[in-house]
Amino acid sequence: MGTPSSAATAAATDLSPCTIMGAGLVGSLLALYLARRGHVVDVYERRADPRLSGAVEGRSINLALSDRGWRALEGVGISEQVREVAIPMYRRVMHDQQGRLTYQPYGRENQAIYSVSRGGLNRTLLNLTEADPRIRMHFNEHCQHVDLRARRLEMHNTLTDQEQTLPFRRLFGADGAYSAVRGAMQKTDRYEFSQSYLEYGYKELTIEAGPNSEWQLEKNALHIWPRGQYMMIALPNLDGSFNCTLFFPYEGQESFTALETAPQVQEFFKERFPDAVPFMPDLAEEFIQNPTGSLITVKCFPWVHKDEIVLLGDASHAIVPFYGQGMNAGFEDCSVLDSLLNQYGEDWHMVFSEFQRQRKPNADAMADLAIYNFEEMRDRVANPRFLLQKKIESKISAQYPDQWLPLYSQVTFSDTPYADAWANGQRQESIMQRLMPHIQTEADYDLPAVQEMVRQEMEKIDALSSMA
Ligand SMILES: NC(=O)C1=CN([C@@H]2O[C@H](COP(=O)(O)OP(=O)(O)OC[C@H]3O[C@@H](n4cnc5c(N)ncnc54)[C@H](OP(=O)(O)O)[C@@H]3O)[C@@H](O)[C@H]2O)C=CC1
Ligand SMILES: Nc1ccccc1C(=O)C[C@H](N)C(=O)O
């Protein structure tokens with residue numbers, strides 16, 4: 001296990017107490033970061049302790065941990081522990097309507113995104129917070145109101161029905177997409193806020209483990225059934241099963257409203273996902289019983305109030321799940337905040353204002369990237385020309401590693417700010433649009449005319465970067 005980077009710089013005395021709202025993934029990781037700097041941390045969470053309440057496993061989209069998330073976990077020395085329960089997924093496996101498979105690697109050989117269960121990761125983080133004497137966890141505490149002026153929280157205990165008012169000195173809103181902390185900030189003058197829902201919802205389903213707990217599809221992959229306007233995906237679990245998610249329109253001919261009865265569900269899946277159905281014995285029951293989740297994007301500004309309150313994770317930037325970056329971005333918030341604390345010490349005004357200055361454009365870019373990846377996953381990955389373009393891009397990247405890293409790798413396997421990755425990616429896409437009409441097969445990449453075009457494009461990239 002690595003040494004926590006921030007522990008070395010922690011001052012043991014005179015640190016202001018910190019209050020975190022929300023003990024989800026971001027709130028729990030942030031508690032570890034702040035405690036390891038020497039702060040006393042109180043964490044309030046409206047849910048019961050998931051380790052006691054036996055939260056149902058397999059009822060949430062599996063997370064895909066990638067480099068930004070791993071780096072943040074390393075920052076508090078817990079990445080090895082998480083790695084033990086994470087399954088590497090090296091590539092996308094696409095299933096067409098006849099059950100034929102095509103493949104797309106995520107990055108170079110050995111580069112992978114990692115499937116982890118949200119509940120499992122949350123429990124691991126909570127065990128670690130509990131082991132730290134500086135952290136006090138308060139479950140079943142619902143924040144009903146934040147009084148910004150008096151710096152007080154109105155809390156309601158959902159077990160005892162008791163109300164209490166608590167003062168805070170420094171408040172970190174990690175209370176998710178429907179944040180109560182943000183809710184109070186929204187009432188201040190000139191507060192910018194927007195939320196939008198996709199016209200799609202999601203339904204969680206299960207591909208069962210085989211008779212000997214074996215995986216019935218390729219284990220180390222993320223499976224996609226792209227169907228143009230909708231898709232199903234599956235991520236592996238440690239017990240041999242897969243968590244499947246159907247992303248599906250609310251309305252229309254093929255939509256949730258059109259699938260109401262068990263025979264309708266069976267019929268539809270048999271036609272559209274025939275190779276998955278034999279592994280989904282509880283399909284119709286799950287489809288009818290599991291709730292349909294909605295898909296929200298939240299943007300807001302500012303993220304800070306004076307030097308007293310800051311929003312992190314979904315509270316400031318909830319995004320749709322299609323890039324698998326929501327948790328990674330929220331974890332990166334924690335490591336960025338920690339490095340700003342290293343830089344500015346207890347000058348919270350500087351720390352908070354730098355935090356939102358750096359993070360806001362990146363959060364906005366990630367929100368756009370997430371929507372873009374939905375179109376890629378549900379539609380473009382089914383197109384052989386798209387897969388050829390990705391192969392050509394990886395050849396360019398191998399030949400010109402200093403000039404070209406594919407967009408997916410910049411987002412997933414680097415710490416390039418999301419906004420820069422998105423801008424680079426759009427530039428690269430326009431180059432590919434010029435190049436691809438000259439390429440029909442992978443071998444065409446070596447044609448002298450194509451090589452010359454690529455060389456000229458690289459020269460332009462060099463010229464641009466020397467001007468920057
Ligand atoms: N794979 C999945 O299904 C999901 C994944 N995620 C991932 O996790 C990432 C990080 O999420 P994070 O920012 O931690 O947000 P989360 O929503 O995971 O955590 C916020 C926590 O705060 C609690 N909370 C909300 N309102 C209050 C309140 N008024 N008082 C006290 N507690 C409150 C929430 O409870 P409650 O949940 O009851 O609102 C929740 O436990 C997301 O970007 C996403 O990628 C998040 C959700 C689902
Ligand atoms: N975790 C997810 C949850 C829902 C939808 C997608 C994901 C992904 O991780 C997608 C992956 N990054 C991909 O591009 O193939």
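Keep in mind the model is a prediction, meaning the values are calculated, not measured.

### Things to note about the overall build of the protein chain
No. 1: The helix and strand inventory of the protein chain stands at 15 helices and 19 strands.
No. 2: For the protein chain, the spread of C-alpha atoms along the principal axes amounts to about 65 × 60 × 45 Å.
No. 3: A burial count over the protein chain gives 39% of its 468 residues as buried.
No. 4: If you take every contact in the protein chain between residues at least 6 apart in sequence, the share linking residues at least 24 apart comes to 70%.

### Overview of the pairing of strand S14 (residues 221-226)
No. 1: Of all six residues that make up S14, six are buried, and the element is covered over most of its length.
No. 2: Neither face of S14 is open: one carries Ala221, His223 and Trp225, the other Leu222, Ile224 and Pro226, and all of them are buried.
No. 3: Where strand S5 (residues 91-95) and S14 come together, four bridges link them in parallel fashion. When the bridges of S14 are listed, Met94 appears paired with Ile224.
No. 4: Of the strand pairs in this sheet, S14 and strand S15 (residues 231-236) are connected by four bridges, and their pairing is antiparallel. The residue bridging Trp225 from the neighbouring strand is Met232, located in S15.
No. 5: With antiparallel pairing between neighbouring strands as the criterion, S14 and S15 make up a hairpin whose turn holds four residues, including Gly228 at a positive phi of roughly 85°.

### What about the nonpolar core?
No. 1: In terms of nonpolar packing, the biggest core is built from 109 residues, with Leu29, Leu30 and Val181 touching the most fellow members.
No. 2: Broken down by element, this core gets its largest block of residues, 10 residues, from helix H11 (residues 348-378).
No. 3: Ignoring sequence-local partners within four residues, the contact set of Leu29 consists of Ala72, Leu125, Phe331 and Cys334.

Rules used throughout
- Residues numbered from 1 in each chain as written.
- Chains lettered and ligands numbered in written order.
- Predicted model: local features only at pLDDT ≥ 70, side-chain atom pairs only at ≥ 80, totals over all residues.
- Helix = DSSP H or I, 4+ residues; strand = E, 2+ residues; numbered from the N terminus.
- Buried ≥ 20, exposed ≤ 12 C-beta atoms within 10 Å, placed from the backbone.
- Contact = placed C-beta atoms within 7 Å.
- Pairing = 2+ DSSP bridges.
- Core = buried A, V, L, I, M, F, W, Y, C linked by C-beta atoms within 7 Å.

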